[in-house]
Amino acid sequence: MGAVTFMRRAVLALFTLGAGYAHAASSVLIWPIDPVLEADQQASALWLENRGTETANLQIRVFGWSQNGYEEQYQNQRDVIGSPPVAKIEPGQKQLVRLTRTKDVPPGQELAYRIIIDEIPSAQPPSAEGGKTAAAIRFQMRYSVPLFAYGAGLWSKEDSTRQRDPKGIGLPQLTWRTVAVDGRPYVEVRNQGAVHARLTDVAIKQGGQNKPLAEGLLGYVLPGAVMRWPAPGGLAGDSALQVRVNGGAQVQSITPAK
């Protein structure tokens with residue numbers, strides 16, 4: 001997969017007198033989409049490029065990321081710092097964000113973070129033709145990029161430019177089951193491995209038919225966590241969950257929970 005933006009749109013409505021129209025803000029390209037901090041790295045790089053037609057004013061924050069109660073949790077932290085914390089990027093220009101760790105990760109562990117990049121909207125609405133102030137709906141963009149940091153003796157992301165100890169590779173260890181919550185079926189995935197699992201192209205196979213849960217990204221399951229997603233109804237006990245894990249070349253079947 002190439003450089004892709006992960007975004008959630010929050011609508012900022014500016015209500016004034018005059019005509020109304022929808023106004024698109026900047027579009028930011030982010031790469032790499034899966035930055036890491038290896039055990040021997042003090043810093044890593046994230047690039048932002050403004051592909052839009054307006055100046056992009058961005059706020060960059062790094063949060064601790066965990067999963068609890070089947071929900072994503074974000075915590076303030078100072079173990080990894082993004083610099084600069086605020087960036088002004090003109091159309092067609094790029095900005096380097098340096099991700100620097102301030103403390104080591106314990107040996108053999110993976111820690112997860114989320115880089116949240118928020119667009120800071122313009123203070124004033126644009127003017128319409130004839131000098132009248134327009135009522136505009138601007139789209140404030142939020143980009144969310146996962147970041148994983150590793151302690152000594154553990155690695156996960158393949159990198160042909162680095163020498164690796166094969167014994168240090170971390171793999172997710174996944175099991176799954178179906179559960180009913182308030183009468184609705186869910187797929188529940190548990191990860192007892194040392195590193196995260198990124199789940200894409202997920203489907204339930206039953207009776208020779210595939211019932212897709214997600215054609216793209218379903219979500220992540222961090223080490224030691226359990227996550228749930230809505231499932232199609234009418235699932236029997238002989239169902240199989242098929243998924244692509246961490247961008248692997250092949251879709252695989254996950255072991256059913258005992």
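For clarity, every value in this text was computed on a predicted model and none was experimentally measured.

Give a description of the sheet that holds strand S3 (residues 28–31) that names residues and reports values.
One key point about sheets: their strands pair by backbone hydrogen bonds, in either a parallel or an antiparallel sense. Spatial strand order, S3-S5-S10-S8: four strands in an open sheet with antiparallel pairing. The two strands at the open ends of the sheet, each matched to only one other strand, are S3 and strand S8 (80–83). Within the sheet, the average angular offset between the axes of one strand and its neighbour, ignoring direction, is 20°. Note: strand S5 (residues 43–50) against strand S10 (residues 94–101), seven bridges, orientation antiparallel. Residue pairing in the sheet places Trp47 in a bridge with Leu96 of S10.

Can you lay out the packing of aromatic side chains for me, pointing to particular residues and giving the numbers?
The final tally for this structure, using the stated rule, is four aromatic pairs. A ring pair is formed by Trp31 and Trp47, whose centres lie 6.2 Å apart and whose planes are at 10°; its orientation type is stacked. Remark: Trp47 occurs in strand S5 and Trp31 occurs in strand S3; sequence separation between them is 16 residues. Relative to Tyr220, the ring of Phe148 has its centre 6.2 Å away and its plane inclined at 40°; by these criteria the two rings are tilted.

I'd love a proper account of the layout of surface pockets, names of residues and values included.
Within this model, the largest pocket holds a volume of roughly 750 Å³. Taken together, the elements giving at least two residues each to the lining of the largest pocket come down to strand S12 (135–150), strand S15 (197–206), strand S18 (240–245) and strand S19 (252–253). A per-element tally of the lining of the largest pocket places S12 first, with three residues. Taken together, the residues of the lining of the largest pocket sort by class into 15 nonpolar, 11 polar and five charged.

Now, about the pattern of salt bridges: what can you tell me, with residues and values included?
Summed over the entire model, instances satisfying the criterion amount to nine salt bridges. The partner of Asp34 in a salt bridge is Lys157, with the nearest N and O atoms 3.1 Å apart. Taken as a pair, Asp34 in the loop between S3 and strand S4 (36–37) and Lys157 in the loop between S12 and strand S13 (174–181) lie far apart in primary sequence, 123 residues in all. Exposure remark for Asp34: the relative accessible area of 37% places this residue in the partly exposed category. On the basis of relative accessibility, which here comes to 28%, the residue Lys157 falls in the partly exposed class. With a shortest N-O distance of 3.0 Å, Arg164 and Glu38 are connected by a salt bridge.

Tell me about the sheet that holds strand S17 (residues 226–230), residues and numbers included.
The four strands lie next to each other as S17-S14-S13-S20, forming an open sheet whose pairing is mixed. Each edge of the open sheet carries a strand with a single partner, namely S17 and strand S20 (255–256). Pairing analysis gives eight bridges linking S13 to strand S14 (residues 184–191), with the strands arranged antiparallel. Looking at S14, one finds that Arg177 is bridged to Glu188.

What counts and how
Residues numbered from 1 in each chain as written. Predicted model: local features only at pLDDT ≥ 70, side-chain atom pairs only at ≥ 80, totals over all residues. Heavy atoms only, no water. Pairing = 2+ DSSP bridges. Helix = DSSP H or I, 4+ residues; strand = E, 2+ residues; numbered from the N terminus. Axes fitted to C-alpha atoms, helices over the stretch in contact; angles between N-to-C directions. Phe/Tyr/Trp six-rings, centres within 6.5 Å; stacked < 30°, edge-to-face > 60°. 1 Å grid on protein atoms, 1.4 Å probe; cavity = no way out; pocket = protein on both sides within 12 Å on 5 of 7 lines; lining within 4 Å. Points joined across faces, edges and corners; volume = space filled by probe spheres on them. Nonpolar A, V, L, I, M, F, W, Y, C, P; charged D, E, K, R; others polar. Salt bridge = Lys/Arg side-chain N within 4 Å of Asp/Glu carboxyl O. Buried < 20%, exposed > 50% of the residue type's maximum accessible area, 1.4 Å probe, protein only.

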